[in-house]
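Results of the structural survey
Chain by chain, the residues run as shown.
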Amino acid sequence: ETGVTQTPRHLVMGMTNKKSLKCEQHLGHNAMYWYKQSAKKPLELMFVYSLEERVENNSVPSRFSPECPNSSHLFLHLHTLQPEDSALYLCASSQDHWTGELFFGEGSRLTVL
Amino acid sequence: KNEVEQSPQNLTAQEGEFITINCSYSVGISALHWLQQHPGGGIVSLFMLSSGKKKHGRLIATINIQEKHSSLHITASHPRDSAVYICAVSGEYGNKLVFGAGTILRVKS
């Protein structure tokens, strides 16, 4: 139990579907992150939120839409995805933006058909 | 060339062996992280260090700032150590992490 919970763990969706990934942290951290991990590639940062404000959008296509309603919850809304978006999506949190240890969730394995 | 290079890419060891995984980086950093990723996907932070050496159980991490190099050592390796080990660095001004490609470790019994 890392204190960061992601749901769902697995998701299969068609290219026209709309779905959302959810992340919740119980650590009292102020910063939360979405990362993408594609097969045989290093982790790629997608978004960073600090105190519920988006502080970084790493050139992510608009078909990925993040939402951070409070410092404990982070969503990634998915719409009109492509098969190449199939990957493991990992949420992480840290005490403050880019300082301190990162705590990761278990990841959401997404398959786009 | 990636800013963070790990070696080896793949490593197979016999149970009980001493294991070393290396990480070299080419940028100024404020900290270096070693992470462990098990087959299920979840990632656990093992160490965050900016100088010297840290030890936790059978794991030891060292960093040489002048040489821009870090090593992760596992003593008395065990099959449950089988995982992907990832090195990541945070920039000189505490900005975003850059990740290595990972080292796939398999420990056989």
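This write-up is about the structure you can find in this document.

Reading guide: rules and limits
Counting of residues starts from 1 at the beginning of each chain's written sequence and follows it residue by residue. Both sets of labels track the order of writing: A upward for chains, 1 upward for ligands. Only residues with pLDDT of at least 70 get local features here, since the model is predicted, and only at 80 or more are side-chain atom pairs given and counted; chain-wide, interface and lining totals rely on the full set of residues. Processing note: side-chain calculations cover all non-hydrogen atoms of the structure and skip hydrogens and water entirely. Going along the chain from the N terminus, every DSSP run of H or I of four or more residues is numbered as a helix, and every run of E of two or more is numbered as a strand. The buried label goes to any residue with under 20% of its type's maximum accessible area, the exposed label to any with over 50%, and the partly exposed label to all in between, with areas taken from a 1.4 Å probe on protein chains only. Counted as a polar contact is a pair of N or O atoms within 3.5 Å, where, for protein atoms, one must be capable of donating a hydrogen and the other of accepting one, and residues adjacent in sequence contribute only when both atoms are in side chains. What makes two residues a contact is simply this: any of their non-hydrogen atoms within 4.5 Å. Only centres within 6.5 Å qualify two rings of Phe, Tyr or Trp (six-membered ring in Trp) as a pair; their planes then separate them into stacked at under 30 degrees, edge-to-face at over 60, and tilted for everything else.

Residues and elements named next belong to chain A. Here D85 lies in the loop between β8 (73–79) and β9 (87–94). Overall, the relative accessible area of 2% leaves D85 in the buried class. A distance of 2.7 Å separates the side chain of D85 from the side chain of R63, its partner in a polar contact. A polar atom in the side chain of D85 sits 2.7 Å from the backbone nitrogen of Q82. With near-sequence residues (within four places) excluded, D85 lies in contact with K36, R63, F64, L110 and V112.

On to the packing of aromatic side chains. Applying the stated rule across the entire model yields 4 aromatic pairs over all chains. When the ring of Y35 of chain A is compared with that of F104 of chain A, the centres are 5.8 Å apart and the planes differ by 40°; the resulting orientation is tilted. Pair noted here: Y35 of chain A is in strand β4 (residues 31–37) and F104 of chain A is in strand β10 (residues 103–104), with a separation of 69 residues, a long-range link. An identical accessibility class is assigned to Y35 of chain A and F104 of chain A; each is buried. Judged by centre distance (5.8 Å) and plane angle (35°), the rings of F64 of chain A and Y89 of chain A are tilted. Placement of F64 of chain A in strand β7 (residues 64–70) and of Y89 of chain A in strand β9 is noted, with a sequence separation of 25 residues between them. The exposure class assigned to Y89 of chain A is buried, which follows from its relative accessible area of 0%. An aromatic cluster of three or more residues is present, and its members are Y33, Y35 and F104 of chain A together with F99 of chain B.

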